[in-house]
Amino acid sequence: MRRRDVLGLFGVAAAAPVLAACGVGGESAEEKAKTIRIAYQNFADSTLLVKDQRTLENQFPDFKFEWTAFDSGASINTAFLSGALDLAVIGSSPVAQAISPPLAVPYQVIELLNVIGTSEALVVRPDRGIGSIRDLPGRKIAAPFSSTAHYSLLASLQRNGVDPGALTLVDLEPQNILAAWERGDIDGAYVWTPTLTSLQKTGTTLVDSAQLAASGTPTLTFAVAGRDFLARQPQVASAWLKATNAAIKQISTDPAVVAQAVSKQIGSSVDDALAQLKQNIYLDLAAQRSPEYFGTPRAPGALAERLRDTAEFLLRQKKIDAVPDLSAFQNALRIPEPADAA
């Protein structure tokens, strides 16, 4: 789930390789219409079972499914703005940013993949004399900016009365965080698995996203889909929801099978993949229609308000220009239909 500074979203140099990776250019109109471009991230979740088992490919043999790994939600937002994606796995913080000015990314949230728990955390080096978050002023802490991890880092600073300006915040992708940690260039980082797991082998965890969720600042992982894609290929969108919903249920009923698929996709051991899967909370589509989340068309749930709360936090941190009306967040949600869970 990452997520980056707004200015970085418009870097032409950064966008060019993203577009190339997503297969833009050189296709006929018919080929483009039958090419479904999916952004995933290299952490344990239900969508990796769908990718590994080629569920969509088997159901739609006449379509071409392009799965591209992204390191951040910010780069995913960039790709959507460029018309280079149809479906994506992305965190709640970059989604709130995408709905707000200046971005207005043309996608909708179609699914809640998980509530982030201990799979994201703030870890510090044990040799730097940091015993609590209040010891962070003057330190150098890394996070992928505009990500759920960055949001949680800022929230943890606020909870402890620490001014973010009192420490040096460094914008790094997860793989660069690990390299900086190994060189001793940073004092700590807020990041997600599997990078988090590597840091925790030698570091000290100060707070994790499960604790922040319990204190009222939860972070979530979503599936989002382009509005034009939802209009153009509703049957593929429906198949995605059914496949990922089955995978979410399988995490509860037969997690070993999911862990085996995840391990192949992210290059970890099966035991590590299984441990990562256990770090988050998974809700099937029926549970997602509860008042706490999507709700129903007649009785919308609290999810839009949660996203707006996130946007208000991002505004205070000067990460967005303004917070839209609640209706903008409501319109950005596509409430799952009961048939989607069938």
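The structure this text deals with has already been given above.
Residues numbered from 1 in each chain as written. Predicted model: local features only at pLDDT ≥ 70, side-chain atom pairs only at ≥ 80, totals over all residues. Heavy atoms only, no water.

**Quick notes on the packing of aromatic side chains**
Applied cut-off: Only centres within 6.5 Å qualify two rings of Phe, Tyr or Trp (six-membered ring in Trp) as a pair; their planes then separate them into stacked at under 30 degrees, edge-to-face at over 60, and tilted for everything else. Partly exposed describes any residue whose relative accessible area lies between the buried limit of under 20% and the exposed limit of over 50%, with all areas from a 1.4 Å probe on protein chains only and scaled to the type maximum. Counting from the N terminus, the helices are the DSSP runs of H or I reaching at least four residues and the strands are the DSSP runs of E reaching at least two. Placement of a charge over a ring requires the Lys NZ or Arg CZ to be within 6 Å of the ring centre, with the centre-to-atom vector within 35 degrees of the ring normal.
Within this structure, the stated rule accounts for seven aromatic pairs. Where phenylalanine 60 meets phenylalanine 65, the ring centres are 6.4 Å apart and the plane angle is 50°; that geometry is what we call tilted. Side by side, phenylalanine 60 and phenylalanine 65 carry an identical accessibility label, which is buried. Taking the centre distance of 4.9 Å and the plane angle of 70° together, the rings of phenylalanine 80 and tyrosine 107 count as edge-to-face. Here tyrosine 107 lies in strand E4 (residues 107-115) and phenylalanine 80 lies in helix H5 (residues 73-81), a separation of 27 residues in the sequence. Overall, the relative accessible area of 3% leaves tyrosine 107 in the buried class. Members of the aromatic cluster, each reached through a chain of ring pairs, are Tyr40, Trp67 and Trp240. Taking the ring centre of tryptophan 181 as reference, the NZ or CZ of arginine 125 above it sits at 5.2 Å.

**Digging into the nonpolar core**
The criterion, for reference: Side-chain atoms within 4.5 Å are what join buried Ala, Val, Leu, Ile, Met, Phe, Trp, Tyr and Cys residues into a set we call a nonpolar core. Here, two residues are considered to be in contact whenever any of their heavy atoms come within 4.5 Å of each other.
Membership of the largest hydrophobic core comes to 72 residues, with the highest contact counts inside it found for Phe65, Leu122, Leu136 and Trp240. In terms of residue count, helix H12 (residues 234-253) provides more of this core than any other element does, nine residues in total. Not counting the four nearest positions on each side in its chain, leucine 136 is found in contact with Leu122, Val124, Ile130, Ile141, Leu157, Leu167 and Leu206. Grouped together as the second largest cluster of nonpolar side chains are 36 residues, Ala79, Phe80, Tyr107 and Leu303 included.

**Some thoughts on the environment of alanine 155**
Checked against the element boundaries, alanine 155 lands in helix H7 (residues 148-159). Alanine 155 sits in the buried class, given a relative accessible area of 2%. Once the C-alpha coordinates of alanine 155 and valine 257 are considered, the two residues, 102 residues apart in sequence, prove to be 35 Å apart. Filtering out sequence-adjacent residues up to four positions away, alanine 155 remains in contact with Thr217 and Phe313.

**Observations regarding the environment of alanine 96**
Mapped onto the elements of the fold, alanine 96 is located in helix H6 (residues 92-99). Exposure remark for alanine 96: the relative accessible area of 0% places this residue in the buried category. Among all residues touching alanine 96, those that are not within four sequence positions of it are Leu307, Thr310, Ala311, Leu314 and Phe329.

**Looking at the pattern of salt bridges**
Stated formally: Between Lys or Arg on one side and Asp or Glu on the other, a salt bridge is scored when a side-chain nitrogen of the former is within 4 Å of a carboxyl oxygen of the latter.
A full pass over the atoms with the stated rule returns eleven salt bridges. The partner of aspartate 52 in a salt bridge is lysine 264, with the nearest N and O atoms 3.3 Å apart. Here the residue aspartate 52 occupies a position in helix H3 (residues 47-52), and lysine 264 occupies one in helix H13 (residues 255-266), the gap between them amounting to 212 residues. When its relative accessible area of 60% is taken as the criterion, lysine 264 is described as exposed.

**With respect to the sheet that holds strand E9 (residues 204-208)**
The condition is simple: We treat two strands as partners when DSSP finds at least two bridges between them. For helices, the fitted line uses only the C-alpha atoms of the stretch in contact; every axis is such a line through C-alpha atoms, and the angle between N-to-C directions lies from 0 to 180 degrees.
Taken in spatial order, the five strands make up an open sheet running E7-E6-E8-E5-E9, and their pairing is mixed. Looking at which strands have only one partner, the edges of the open sheet turn out to be strand E7 (168-171) and E9. Pairs of neighbouring strands in the sheet enclose a mean axial angle of 25°, with direction left out of account. Pairing analysis gives five bridges linking strand E5 (residues 120-124) to strand E8 (residues 188-192), with the strands arranged antiparallel.

It is worth stressing that arrangement in space is one thing and function is another; only the former is reported here.
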